[in-house]
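The primary structure of each chain is shown beneath.
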Amino acid sequence: MLEPFREKTFRTIWTASLFSNFGQLIQGVGAAWLMTRLSSSAEMVALVQTAIMLPLMLVALPAGAIADMFDRRKVALVGLAAASLMALALTLFTWTGLLTPWLLLAFCFMIGSCVAIFYPAWQASVGEQVSPEHLPAAVALGTISYNVARSFGPALGGLIVATLGAIAAFAANALFYLPLLLAFLFWKRMHVPSRLPPERLDRAILAGVRYVIHSPPIRIVVTRTFFSALAGASVSALTPLVARDLLGGDAGTYGLLLGIYGVGAVLGALGMNAVRARFKAETAARMLALTNGGMLITVGASHNIWMTCAAMLVAGAAWMILVAQFNVSVQMSAPRWVTARALACFSSAATGGLAIGAWCWGATAGAHGTGVAMIVSGATMMLSPLLGLLMPLSSDLPGGLELSVSSHEPEVSLPLTARSGPIILEVEYRVEMSQARDFYAAMQELRRARLRSGMFGWILSRDIADPELWTEQFHCPTWGDYLRQRDRATQADRLLVEAADAFHLGNREGRMRRRLERPFGSVRWQADTPDRHDENGRVFTA
């Protein structure tokens, strides 16, 4: 569990992230409690959590694409620097007395957006700071960093707010970003630039989303994460109201409840490996969801601080193991070229569920009371394992995610540019009639690999005059996209190609054809328009 700490870079960044997490949680306590002073509306108090979490859903995907396209260290530095500046601006507005409820939500949203830029770059770089066999432990330690801060940060935040006011909480957050900023600044990361120019941002985002859609293990985890976060968002959204309305406490009580929840999360993170070793993924997910839901119901029904603290402790442990298990599954199921985008989809699902759930449970609390909202949230969490009947988690993580560089370059006689396209690709197979069914099954596996690595419009056809002849066809928007798709092929993808090729009879040469599609009107606008030629006299067609 502690092996990743042998790596100096990981150890330094982890320690600095602890301060950053403290700052964010202290700010969250200050913002939530200040909102109870600026507005009497339960929905406005719950919207503080929505404003903090919603950017992580909206900005995570573009941020993940940027982290995969550029140097992750520099992307992290930009996000951290911007977050520190926004936190300083929030401090100044509070000090001058210009802060309003909606302006407070706006600052929470902007700081959350800056953190969202940093987060995918940081998470995707963990695999570069430790060896692959220590990655699950490093992910768990990352969650421990957050939850150690959660254990003491809210209590510290409550103390700061109670003694010095919310302005001190906001100033502490701005200051606590600096150690992590310096840690990334002095990290001598070996950035290997791609041999191809960066993708357009919209296409990079699309590539990440398509990979998640066509990767069943990641798609299931992302979907389950969203619904779990939606059901369990009441803890982060309504804990200030639990402290005030159900327990009759103050900011210190609020900090205590969050601290106890964080202690439970730390205990859960420490026990994650034991749970993963003892239970299958789906069994563990169901047990953890039922446990967490039962504890939320207890919190909603309790007016005794000791019973509430005990329920928060167990709920924190169950929630942390569940989310950490989801996180590890995503990290171990994505190749390096798309890791940040896959984690961004996971982060978007988690934070989106928390943001939407915070609004839902806040509205429920405003209409029916805090206790009812917590009980309904817990019941919803206990029903979430029903999703496992339709989308069960896989116990076996995919292997062969290392990149497999092609040994040959495609033969090209046209003077193509990166923007030339669309590129149509066809592969012929001659398969014995008796093996047609097995071949078709192998091609369906290959189809998913083609689509998640960047291909479009995949079809498989069979010659009606020669039933042994099959043709696989797909296309890429541009020649540059095709070259990127070749660079993204993993060893597992190559095995799928080899499995399909094993059915082919006869000569294997010349079976793949690459064509440049020429839609009507794309060659010349008028009949007398001259062709363009390169220095060798060849006609430009793109």
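Each remark here, short or long, concerns the structure printed above.
Scoring rules and cut-offs
- Residues numbered from 1 in each chain as written.
- Predicted model: local features only at pLDDT ≥ 70, side-chain atom pairs only at ≥ 80, totals over all residues.
- Heavy atoms only, no water.
- Helix = DSSP H or I, 4+ residues; strand = E, 2+ residues; numbered from the N terminus.
- Buried < 20%, exposed > 50% of the residue type's maximum accessible area, 1.4 Å probe, protein only.
- Contact = heavy atoms within 4.5 Å.
- Areas by Shrake-Rupley, 256 points an atom, 1.4 Å probe, with all protein chains shown as cover.
- Axes fitted to C-alpha atoms, helices over the stretch in contact; angles between N-to-C directions.
- Parallel < 35°, antiparallel > 145°, perpendicular 65-115°, else oblique.
- Nonpolar A, V, L, I, M, F, W, Y, C, P; charged D, E, K, R; others polar.
- Expected span 1.5 Å × (residues − 1).
- Polar contact = N/O pair within 3.5 Å; in protein donor to acceptor, adjacent residues only side chain to side chain.
- Pairing = 2+ DSSP bridges.
- Phe/Tyr/Trp six-rings, centres within 6.5 Å; stacked < 30°, edge-to-face > 60°.
- 1 Å grid on protein atoms, 1.4 Å probe; cavity = no way out; pocket = protein on both sides within 12 Å on 5 of 7 lines; lining within 4 Å.
- Points joined across faces, edges and corners; volume = space filled by probe spheres on them.
- Patch = residues over 30% accessible without salt bridge, like charges linked within 9 Å, V, L, I, M, F, W, Y side chains within 5 Å.
- Salt bridge = Lys/Arg side-chain N within 4 Å of Asp/Glu carboxyl O.

Moving on, we come to the overall build of the protein. Counting its secondary structure elements, the protein contains 21 helices and 4 strands. Taken across its 542 residues, the protein has 53% of its residues classed as buried. Here the contacts in the protein between residues at least 6 apart in sequence split such that 84% fall between residues at least 24 apart. Within the structure as shown, the protein displays about 24100 Å² of accessible surface, and the carbon and sulfur contribution to it stands at 64%.

This next bit is on the environment of Ala229. With respect to the element layout, Ala229 can be found in helix 10 (residues 216-232). Considering only alpha carbons, one finds Ala229 and Ala358, 129 residues apart in sequence, at a separation of 9.6 Å. Among residues more than four places away in sequence, those in contact with Ala229 are Trp319, Ala349, Ala350, Gly353 and Leu354.

Here Arg210 is to be found in helix 9 (residues 201-213). When its relative accessible area of 10% is taken as the criterion, Arg210 is described as buried. In this view, Arg210 contacts Leu451, Arg452, Gly454, Met455 and Phe456; residues no more than four positions away in its chain are not counted.

Before going further, it helps to spend a moment on the packing of helix 14 (residues 281-301) against helix 17 (residues 370-383). Interhelical geometry of helix 14 versus helix 17 gives an angle of 170° and a closest axis separation of 7 Å. The pairing of helix 14 with helix 17 is recorded here as roughly antiparallel in orientation. Along the contact surface, helix 14 presents Ala289, Leu290, Asn292, Gly293, Gly294, Leu296, Ile297, Val299, Gly300 and Ala301, while helix 17 presents Gly371, Met374, Ile375, Ser377, Gly378, Ala379, Met381 and Met382. Counted by class, the contact of helix 14 with helix 17 contains 11 nonpolar, 7 polar and no charged residues.

With that settled, the discussion passes to helix 15 (residues 305-333). Here helix 15 contains 29 residues, and its C-alpha end-to-end distance of 42 Å stays within 8% of the 42 Å for a straight helix at 1.5 Å per residue. Of all 29 residues in helix 15, 21 are buried, a share of seventy percent or more. The distance from a side-chain oxygen at the start of helix 15 to the backbone nitrogen of Trp306 is 2.8 Å, and the residue carrying that oxygen is Asn304.

As paired strands, strand 2 (residues 456-462) and strand 3 (residues 469-476) are joined by 5 bridges and run antiparallel to one another. For Arg462, the partnering residue across the bridge sits in strand 3 and is Trp470.

Tallied over the full model, the rule gives 13 aromatic pairs. An angle of 80° between the planes, with centres 5.0 Å apart, marks the rings of Phe5 and Trp14 as edge-to-face. In this structure Trp14 comes out as buried when scored by relative accessible area, which is 15%. Look at Tyr119 and Trp122: their rings are 5.8 Å apart centre to centre, the planes differ by 55°, and that puts the pair in the tilted class. Here the residue Tyr119 and the residue Trp122 both occupy positions in helix 5 (residues 101-129), the gap between them amounting to 3 residues, near one helical turn. Relative accessible area serves as the criterion here: at 26%, Tyr119 is assigned to the partly exposed category. Members of the aromatic cluster, connected to one another through ring pairs, are Phe118, Tyr119, Trp122, Phe184 and Trp187.

In total, this model carries 2 cavities of 30 Å³ or more according to the counting rule given. Every residue along the wall of the second largest cavity is listed here: Arg224, Ser228, Ala285, Ala289, Leu322, Phe326, Ser384, Pro385 and Leu387. Of all elements in the fold, only helix 10, helix 14 and helix 15 reach the threshold of two or more residues within the lining of the second largest cavity. Partitioned by chemical class, the residues of the lining of the second largest cavity number 6 nonpolar, 2 polar and 1 charged.

Another aspect to go through is the sheet that holds strand 2. Read across the open sheet, the 4 strands follow the order 2-3-1-4; overall the sheet is antiparallel. Strand pairing shows two members of the sheet lacking a second neighbour, strand 2 and strand 4 (512-516), which therefore form its edges. Averaged over all adjacent pairs, the angle separating strand axes in this sheet is 15°, with direction ignored. As paired strands, strand 1 (residues 423-430) and strand 4 are joined by 5 bridges and run antiparallel to one another. Pairing of Ile424 across the sheet is with Arg515, part of strand 4.

Here we take up helix 12 (residues 251-270). The end-to-end C-alpha separation of helix 12 is 29 Å, in line with the 28 Å expected for 20 residues at 1.5 Å each. Here helix 12 lies mainly inside the structure; 14 of its 20 residues are buried.

What follows is about the side chain of Ser453. Locating Ser453 in the fold gives a position in the loop between helix 19 (436-452) and strand 2. A residue is classified by how much of its surface remains accessible, and Ser453, at 3% relative accessible area, is buried. Among the polar contacts made by the side chain of Ser453, one reaches the main-chain carbonyl oxygen of Ala449 at a distance of 3.0 Å. When neighbours within four sequence positions are excluded, Ser453 is seen to be in contact with Trp337, Gln485 and Arg488.

Taken together, the side chains of Leu267, Leu270, Leu313 and Val314 make up a nonpolar region of the molecular surface, amounting to roughly 320 Å² of accessible area. Those elements that provide at least two residues to the nonpolar patch are helix 12 and helix 15. Within the secondary structure layout, Leu267 lies in helix 12.

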